[in-house]
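If you want the building blocks of each chain, they are given just below.
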Amino acid sequence: MKRVLIEDWLPIRELGAESKRESSPIPGQFPKLKTLHVWWARRPLVASTGVVLASVMPAWSKSLADAFPEAAEVQSVESYRKWFLHLCGIWGDPIAAQAELAAANLAGKKLKGNGYGYKQAFRNSPSKRDLDLLRAILVWQWGEVPLVADSTAGGGSIPFAASRMCIPVLANDLNPVAAGVLAAGVEIPASYGTRLVEDLKSFGTTLVSRIQSILANVYPATPEQSTVALIFTNAVRCPRTGGWVPLIKQRWLNKEDGAKTAIRFLTTNSDGSLSDYPGIEIVTGDAIDFDPSVGTVKGGVGTSIYDGLAIPSAYITEQAQKGEMRQILVAVATKTKVGARKSVRGFRAPTAADIEALVRAEEMLAQKMPAWESQDVIPSEEIPEGNDMRPRQYGMPRWRDMFTPRQLLVHGTFVEEFRKLIPEVRETLSGDPERADAVLFELGLMIGKSTNWDSKMSSWDVSRQKMRSVFDRHDFAFKWDFAEFQGADELYPWCLSQLTDAYGGIAELLDATGKPEVSEDQTRITRSVVVFHGNAADLVGAKDGSVALVCMDPPYHDNVMYAELSDYFYVWEKRTCGLIRPDLYDSELTDKDNEAVANLSRFKDFGKGAKALAKADYERKMAGIFSECRRVLRDDGIFTLMFTHKSADAWSALGKAVIEAGFVIETSWPVRTESALSLHQVDQAAAASTIMLACRKRIDADNYGHSLQQVTTEIQHVVAETIERCEEAGIQGVDQLLSTYGPALAVVSAKWPVYGTNVDESGNANVIEIDDVLTVAQEEVMRIQRQRVFGSSTTFDSVTDFILLAWSMFRSREIPFDDARKLAFNLGHLNLETLENMRLITNAKGIVTLLEPSKRIGKVAGNQLRLDGVDPNASLIDAVHAAIVIGGSSGIHDAKEYLQSTGLSNDTAFRGAVQALLNALPRAKNSKGDYEIVEVGILSEIGHTLSLDVPPDPVFAAPMRPGTQLTFDGADGEGESDDNEEIFDDVDDGDIDYGDADE
């Protein structure tokens, strides 16, 4: 078999830098595949392109150069690799650019083009000559243009990357929402390109104008002032006074200096009696004589605005489930014209006209509802049992209940008018019925955009003065206060502009790639994309041995319950897109039973055994998927996996499924792909890197089995090599640990079956568990980390070792429970309960949190400590934390005095522990210049006092707030600033988040 490029080399630093750049929070600079429709896990396009190309392009060889003597691109390893980067869109040196940008940011300077000098990689298109040469090389390698398959294609990054390079693709997903996104974002653009944009604008404008006309009477409007958003709170009656209590997390509307605005609730009538409904007053500036950050609900418990007493959470949920919870309009966000081209934003209190409009909307909905229900316009489906039952908990048993009556009217009107448009489009485009249905399918997908941004689960982002969508997080977090999109004049025009912009951007990238140099030649490149909707364990559309590359980004164990979340969209989209492609929307709800995730809710009746059963179910399903991949794969084919998960359990399940399906892991490459600004990344031990595993079919003829003891040395060797490679690439923390799992599994997969020391009833050795392999890798990582953090001659107590190694390995205050448990056990058989009793950690919801010193040791006065059960003499880490607490509260002088009075200043072990903690703690700073880990600053001062070696702060490009001059890693040289005029983000993807995680 001819080797492929990924088996020898992958430019992980360049792909990582461009992936980070691709996720830059700059409006308009995201791949439009992300803004077309929400999907909860999309790999960056540049990383997907790199992995697909590296998996089908041959590794460089002299025979390759000889086969194409006229192509300078393949005459040497260096020229070949440079050309590969060019195909990926990396047309410069992103590593050097990032370093230059970091230095400029620290110096407060602005670089032209942000130091890159070329566009983001995904926006750069290879030429026709590039694609012609690539095609010829692929035929030389495979004997034909290779077929690529992605059996769990999700949001479509991998199929899109392959299609863009004119490589034929089979894309499959069990989830109908994902299949619809694949059709709209990959299949249709590949067939029609930008030719469809004008159709979308024309028919879309007709559709939107009809909706505007119908809904004009249910939103008050004036020529001078437009409504941006309407802000509501949920409310229940005070159990003592009977007045309606708005449940709001904070009363701020705008915190910006010079524009501070808040809500005041008035509880009395003009005669001094208590009001039934609270009066609303919008106050600004110095008139704010209360603390708006204090709301009326926290942790599910309310506070009555009438008597100041608590409203129990049980009472609130009981009222919600009885249908006694109401929604109260508390503010209107506006935009007022002050000139021909200028407007000013602000807020006003609700008026009688606002309330009358709400009443008209309810009346209009009541009139339409009988017909709509009989014609199946409005979702009737109930929310099924699942992992996140908060909608039901708060009185929303059906999907339609997640919308107010006016929101339901708005979305129902879209469905009704869309259905009326279907025969008109088909009649107008009767000469090309497939094109007509493509237009209709894209337009039907607008309902997904609108419901994501106009619901009782959408909200107002005070910090950014923008709307936030339902899925700013990967769950159904209940929103005590929420924001309504103006549904008559704003919502669907915006949705249409988002659709045409997203589709147009996707199509432009396809049309520009391989575009003929001669402008007169307008012939479009033919691309082959086939979308299937079915079980990945049964790819009925693929023949045996027909696929050269199976490249997939599989479901991540228990990370996201895709089917449960996507029901929110499915119940609407099957009533629009399902009329055009019924093959993709053929069930009542999405398929949870066959979904390959570790779904605890499916096994909830088994109590404590649910987790093990969910894991086993995931392993079984993944094994079935991987076995099917082996069936469709050519004997010389490549199976490439992209996997991002911080849990060792997830890696164990994945590794077991890959190996038992009959694959050998050839190589493993970590690429940093995750946005540092995601709500699922910040302050967590989350994986920021995607591990790329390249596999081949295993040939078992010469394999007689090995013992784990025999392969342990080899595992330790590859782990050490991987750690060294990660250090060179700037990969640290949990990503460094995860990067060792692939190489460790590769060793075992090549020698499978591998046996352990345990025997069965017949005396035969049992095949090892994959957990055993990962444990060997973890222990070697610990050994290396000990050497790096402690030094060869220093030893500490096991409790101190735990804290030091936890910081060094995970570089986060939060650690996955299983990994923390294993680390503690390997350090003198510690258990987490002991560490909890010492108040070093907390353990909740599968996350172990390392407590700040100030939260476990209190200081009274001077050098006096309030121990509260914490003994600085019990372990070295307690003594270190005590010094940090004194220094943080009274200053470094008192800390120094404390150390001298206790003799710790000259204690070798204590000094070693301080040095080790200085080495272990991450020194990253936030955009304000403060250390992310609060104790780093005072510990550094203590280190200087003790004449220790204090590590320097890293040089990096700090994230900047939108509206500032500098930007996060930059986008290109064509304008990077956020004009702060767009009130709604154009990023509509659940894996990119910039809102506050306060819900």
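Residues numbered from 1 in each chain as written. Predicted model: local features only at pLDDT ≥ 70, side-chain atom pairs only at ≥ 80, totals over all residues. Heavy atoms only, no water.

(A) Representation of the packing of helix H3 (residues 45-56) against helix H8 (residues 157-164) within the structure. Two numbers describe how H3 lies on H8: the axes approach to 8 Å, and their chain directions differ by 60°. Handedness of the crossing formed by H3 with H8: right-handed. Of the residues in H8, those in contact with Leu45, Ser48, Thr49 and Val52 of H3 are Ser157, Ile158, Phe160, Ala161 and Ala162. Residue composition of the contact of H3 with H8, by class: 6 nonpolar, 3 polar and no charged. (Axes fitted to C-alpha atoms, helices over the stretch in contact; angles between N-to-C directions. Helix = DSSP H or I, 4+ residues; strand = E, 2+ residues; numbered from the N terminus. Left-handed = near helix turned anticlockwise from the far one by under 90°. Contact = heavy atoms within 4.5 Å. Nonpolar A, V, L, I, M, F, W, Y, C, P; charged D, E, K, R; others polar.)

(B) Quick peek at helix H12 (residues 352-374). The end-to-end C-alpha distance of H12, which contains 23 residues, comes to 34 Å, matching closely the 33 Å that a straight helix rising 1.5 Å per residue would cover. Taken as a whole, H12 carries its principal kink of about 45° at Lys368; the proline Pro370 stands between one and four residues after it. Where H12 is concerned, the buried positions are Asp354, Ala357, Leu358, Ala361, Met364, Leu365, Met369 and Trp372. Residues of H12 that are buried make contact with helix H10 (197-215), strand E3 (225-237), strand E11 (326-337), strand E12 (343-348) and helix H14 (405-428). Looking one or two places after H12, you find Asp376, whose phi comes out positive at around 60°. (Expected span 1.5 Å × (residues − 1). Bend = angle between axes of the 7 residues up to and from the residue. Buried < 20%, exposed > 50% of the residue type's maximum accessible area, 1.4 Å probe, protein only.)

(C) Broad picture of the environment of Gly756. Checked against the element boundaries, Gly756 lands in strand E22 (residues 754-759). Taking the relative accessible area as the measure of exposure, Gly756 reaches 25% and is therefore partly exposed. Note: C-alpha distance between Gly756 and Ser707 (49 residues apart in sequence) is 5.8 Å. The contacts of Gly756, once residues within four sequence positions are left out, are Ala765, Asn766 and Ile768.

(D) Quick peek at the nonpolar core. Formed by 199 residues in total, the largest nonpolar core has its most connected members in Leu443, Trp460 and Tyr492. Broken down by element, the residue count for this core peaks at 12 residues, all from helix H17 (residues 491-512). (Core = buried A, V, L, I, M, F, W, Y, C linked by side-chain atoms within 4.5 Å.)

(E) Expanded view of the confidence of the model for the chain. Of all residues in the chain, 90% have pLDDT values of 70 or greater, and the mean over the chain is 86. Contacts from residues 956-999, a stretch scored under 50 in pLDDT, to residues over four places away or in other chains number 163 contacts. (pLDDT = per-residue confidence, 0-100.)

(F) Broad picture of the pattern of salt bridges. Scanning the model with the defined rule gives 52 salt bridges in all. As a salt-bridge pair, Arg575 and Asp376 come within 2.8 Å of each other at their nearest N and O atoms. Residue Arg575 is found in the loop between helix H18 (562-573) and helix H19 (610-632), and its partner Asp376 is found in the loop between H12 and helix H13 (390-393); the two are separated by 199 residues along the sequence. Residue Arg575 is classed as buried on the basis of its relative accessible area, which comes to 2%. Judged by relative accessible area, Asp376 falls into the partly exposed class, the value being 34%. Between Lys621 and Asp617 there is a salt bridge whose closest N-O contact spans 2.9 Å. With Lys621 and Asp617 both in helix H19 and 4 residues apart, this pair spans about one turn of that helix. Taken individually, Lys621 and Asp617 each receive the classification buried, so the pair is uniform in this respect. (Salt bridge = Lys/Arg side-chain N within 4 Å of Asp/Glu carboxyl O.)

(G) Local environment of the sheet that holds strand E7 (residues 274-284). Read from one edge to the other, the open sheet built from 3 strands follows the order E5-E6-E7, with strand pairing classed as antiparallel. Taken across any chain shown, the strands that pair with only one partner, and hence form the sheet edges, are strand E5 (252-254) and E7. Averaged over all adjacent pairs, the angle separating strand axes in this sheet is 30°, with direction ignored. (Pairing = 2+ DSSP bridges.)

(H) Region of the structure containing the pairing of E7. Across 7 bridges, the pairing between strand E6 (residues 261-268) and E7 is antiparallel. From the neighbouring strand, Ile263 faces E7, where its bridge partner is Ile282. Where E6 folds back on E7, the antiparallel hairpin that results is connected by 5 residues, among which Gly272 adopts a positive phi of roughly 90°.

(I) Representation of the packing of aromatic side chains in the model. Counting across every chain of the model gives 31 aromatic pairs. When the centroid spacing of 5.2 Å and the interplanar angle of 80° are considered together, the rings of Tyr394 and Trp480 count as edge-to-face. Note that Tyr394 is positioned in the loop between H13 and H14 and Trp480 in the loop between strand E14 (466-468) and strand E15 (481-485), a separation of 86 residues in sequence. Classification of Tyr394 by relative accessible area gives buried; the value is 11%. The class for Trp480 is buried, based on a relative accessible area of 7%. (Phe/Tyr/Trp six-rings, centres within 6.5 Å; stacked < 30°, edge-to-face > 60°.)

(J) Geometry of the side chain of Lys574. Relative to the elements of secondary structure, Lys574 occurs in the loop between H18 and H19. One polar contact links the side chain of Lys574 to the main-chain carbonyl oxygen of Glu588, over a distance of 2.9 Å. If we skip the residues at most four places from it in the chain, Lys574 touches Glu381, Leu579, Tyr585, Ser587 and Glu588. (Polar contact = N/O pair within 3.5 Å; in protein donor to acceptor, adjacent residues only side chain to side chain.)

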